[in-house]
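Here's the letter readout for the chains.
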Amino acid sequence: MPLSSNRSLLLLTLALFGALLYLARSPSSDIRPKAHRVLAKPRTAQQNGLVNQADRTETLADEEGDQEKRILRQRIVAMGDIHGDLPAATKILRRAEVVDLKGQWIGGDTILVQTGDIVDRGPDTIALYRFFQSLRPQAERAGGAVVSLLGNHEMMNCLGDYRYVTKEDIASFGGERNRREAFLHGWIGQEFRANYSVTARVPYLIEDYPASLAAPILPATPSGSSDRRFVEDPTFATASSAASDPLRRSAISFVHGGITPEYLASRSSDSPITDINRIGHSILESLLSVPGGVPLGLPRSANPEQKEFWSERGPMWNRDWALEEEEEICERVEKALEVLNVRRMVMGHTPQFEGILSRCDGKILLIDTGISRAYGGAHSSLSLTYTLTPASALTVSDALSLGLVDLQDADPEATLKGDEMSRTWVEKEVVEALYTAGRATEVLDEREQVVKIP
Ligand SMILES: *[C@@H]1O[C@H](CO)[C@@H](O)[C@H](O)[C@H]1NC(C)=O
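Note that the structure is predicted; figures quoted are calculated from it, not measured.

Student: Is there a simple way to explain the sheet that holds strand β8 (residues 357-359) in this structure?
Tutor: The strands making up a sheet associate through hydrogen bonds between their backbones, and the pairing can be parallel or antiparallel. The five strands are arranged β5-β6-β7-β9-β8 in an open sheet whose pairing can be described as mixed. Looking at which strands have only one partner, the edges of the open sheet turn out to be β5 (199-203) and β8. For this sheet the average axis-to-axis angle between neighbouring strands, irrespective of direction, equals 20°. Of the strand pairs in this sheet, strand β6 (residues 251-255) and strand β7 (residues 344-347) are connected by four bridges, and their pairing is parallel. Note on β7: the bridge partner recorded for Phe254 is Val346. Packed on one face of the sheet, helix α15 (residues 326-340) meets β5, β6, β7, β8 and β9 (364-366) and runs near 105° to β7.

Structure follows, in structure tokens:
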């Protein structure tokens with residue numbers, strides 16, 4: 001080989017190496033999703049990478065002294081009914097920057113919620129449940145979570161109702177007998193009982209919470225997956241601290257069908273989330289001991305609360321929030337939000353083929369857009385981005401536009417650092433619909449409010 005070509009090879013290698021170094025060092029490349037809970041201080045290399053739980057706690061302990069300086073961030077991505085279409089699901093999750101081209105988790109500490117109906121109408125049942133099963137621990141290692149909810153179709157398959165199961169799907173299990181076994185005692189049934197729930201309440205502030213407030217205590221994470229924190233009601237330190245906590249409802253409720261205030265009232269329980277999940281799981285458990293195999297529907301021995309749960313009034317089938325007139329529902333929606341301690345309710349189940357539908361000023365978000373080939377609807381996901389910024393981290397012009405300081409102030413900069421300001425935060429929430437195939441992102445709701453912590 002002539003010398004000159006050797007040299008150009010060397011030069012090329014050097015140039016490539018340089019470019020790689022540059023890429024690796026640039027703080028936020030456009031390809032990678034941003035670190036979602038960024039600290040105001042410059043991050044160390046370790047913090048810039050995917051942090052695990054232990055690292056994050058350490059960082060927080062280090063910074064306790066200047067907690068009021070931290071900007072708290074969270075990102076939640078939600079995806080509706082998939083119905084047996086793995087290619088559609090992975091495309092959508094790539095668009096939302098939670099997985100890469102190989103289907104590996106790149107979402108950092110994002111919380112991904114899938115609101116059920118992975119199964120039926122399409123062939124990819126095994127591949128889809130395996131896919132979410134593989135994402136779950138990856139997300140956990142990165143400080144995020146995968147929250148999997150049961151749809152009415154998951155439950156129908158457990159109950160032996162095969163009306164919507166395709167021939168290819170049955171063949172992929174090696175026959176109907178094997179498939180029934182997989183959903184009952186086998187790997188899918190086991191995972192439903194361990195890692196799937198009926199409803200979840202995902203708070204925007206998980207470990208971080210402004211110092212002067214008693215953080216709601218989320219359930220401890222037992223040996224199972226980390227999403228268990230979101231499937232029980234939080235306990236507030238005291239009733240009075242909860243009532244005066246302006247961030248108490250900084251959380252989102254997810255369910256497959258819909259949770260109505262009437263259903264909640266029929267529960268007579270002060271822990272509705274735990275309660276709803278308990279009933280759903282009691283049905284799954286009961287199927288393990290039904291004599292003579294799985295019935296076609298609820299077992300005859302089902303009790304009244306199980307029957308109510310599995311009715312069209314219950315959380316898996318209800319369609320009120322999708323089908324009734326807005327004038328009829330918004331007040332009822334507000335009641336349910338109050339009981340669940342959340343700002344918004346997100347659900348699938350009733351397809352909106354054109355795209356994600358926001359109702360009652362974004363309090364209801366309908367995210368089933370019929371993404372499966374079986375429907376051919378819009379390929380969508382919902383993205384919720386939250387920031388809580390301390391007043392001291394605001395620019396004077398932002399503070400002016402929020403009315404936190406006015407032009408009369410002698411030194412607005414100093415005012416922002418005052419005593420009252422140390423208890424003042426700006427809460428911002430952006431709700432977006434993300435689409436594949438070149439369709440522009442749609443901002444469904446965006447709000448910013450000043451929060452004074454008592
Ligand atoms: C539930 O999720 C955890 C965490 O990813 C995993 O280790 C466990 O195997 C799952 N359980 C079942 C029964 O699949």
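Past the structure itself, the notes keep going.
Student: Quick question: what am I supposed to make of the state of the cysteines here?
Tutor: Formally, a disulfide is one covalent bond, and it connects the sulfur atom of one cysteine to the sulfur atom of another. Throughout the structure, instances matching the rule amount to one disulfide. Each disulfide pairs two cysteine sulfurs, and for Cys330 the partner residue is Cys360, the sulfurs being separated by 2.1 Å. Its S-S torsion of about -90° marks the bond between Cys330 and Cys360 as left-handed, since a negative value means left-handed. Placement of the pair is Cys330 in helix α15 and Cys360 in the loop between β8 and β9, with a sequence separation of 30 residues. For Cys330, a relative accessible area of 25% corresponds to the partly exposed category. Its relative accessible area of 4% is what places Cys360 among the buried residues.

Student: Can you walk me through the layout of surface pockets in this structure?
Tutor: If a probe the size of a water molecule is rolled over the atoms, the empty space left behind becomes visible. Taken as a whole, the second largest pocket encloses approximately 200 Å³ of empty space. As for the second largest pocket, its lining consists of Arg249, Arg343, Arg344, Asp361, Lys363, Glu427, Glu429, Asp445, Arg447, Glu448 and Gln449. Residue assignment for the lining of the second largest pocket shows that the elements contributing at least two residues are β11 (424-435) and β12 (442-452). The element contributing the most residues to the lining of the second largest pocket is β12, with four residues. Per-class residue counts for the lining of the second largest pocket are no nonpolar, one polar and 10 charged.

Student: So what exactly am I meant to see when it comes to the packing of helix α8 (residues 176-184) against helix α9 (residues 187-195) here?
Tutor: Relative placement of two packed helices is described by the angle separating their axes and the distance separating the axes. As a packed pair, α8 and α9 sit with axes 4 Å apart at the nearest point and diverge in direction by 20°. In terms of orientation, α8 lies roughly parallel with respect to α9. Judged by the twist between their axes, the crossing of α8 over α9 is right-handed. Taking contact as the criterion, the partners of Ala182, Phe183 and Leu184 in α8 are, on α9, Trp187, Ile188, Gly189, Gln190, Phe192 and Arg193.

Student: Could you clarify how one ought to interpret the packing of helix α5 (residues 125-141) against α9 in this entry?
Tutor: Between α5 and α9, the shortest axis-to-axis distance is 12 Å and the interhelical angle comes to 40°. Between α5 and α9, the angle is such that the two are oblique. Relative to α9, α5 is oriented so that their crossing is left-handed. Residues Ile126, Tyr129, Arg130, Gln133 and Arg136 of α5 form the contact with α9, whose own contacting residues are Trp187, Ile188, Glu191, Phe192 and Asn195. When grouped by side-chain class, the residues that make up the contact of α5 with α9 number five nonpolar, two polar and three charged.

Student: What's the story with the sheet that holds β12 in this structure? I'm lost.
Tutor: Taken in spatial order, the seven strands of this open sheet run β4-β3-β2-β1-β10-β11-β12, and their pairing is mixed. Both outer strands of the open sheet, β4 (196-197) and β12, are each paired with one neighbouring strand and no more. Sheet topology note: the strand β1 (residues 72-79)/strand β2 (residues 111-114) ladder contains four bridges and is parallel. Residue Ile76 lies in a different strand from β2, and its bridge partner there is Ile111.

Student: Just checking my understanding: could you explain the environment of Val405 for this structure?
Tutor: Here Val405 shows up in the loop between α16 (396-401) and α17 (412-416). As for Val405 and Thr415, which are separated by 10 residues in sequence, their C-alpha atoms are 7.3 Å apart. In this structure, Val405 is in contact with Val396, Ala399, Leu400, Pro412, Thr415, Leu416 and Met421, ignoring residues within four places of it in sequence.

The rules behind these values
Residues numbered from 1 in each chain as written. Predicted model: local features only at pLDDT ≥ 70, side-chain atom pairs only at ≥ 80, totals over all residues. Heavy atoms only, no water. Pairing = 2+ DSSP bridges. Helix = DSSP H or I, 4+ residues; strand = E, 2+ residues; numbered from the N terminus. Axes fitted to C-alpha atoms, helices over the stretch in contact; angles between N-to-C directions. Contact = heavy atoms within 4.5 Å. Disulfide = S-S within 2.5 Å. Buried < 20%, exposed > 50% of the residue type's maximum accessible area, 1.4 Å probe, protein only. 1 Å grid on protein atoms, 1.4 Å probe; cavity = no way out; pocket = protein on both sides within 12 Å on 5 of 7 lines; lining within 4 Å. Points joined across faces, edges and corners; volume = space filled by probe spheres on them. Nonpolar A, V, L, I, M, F, W, Y, C, P; charged D, E, K, R; others polar. Parallel < 35°, antiparallel > 145°, perpendicular 65-115°, else oblique. Left-handed = near helix turned anticlockwise from the far one by under 90°.

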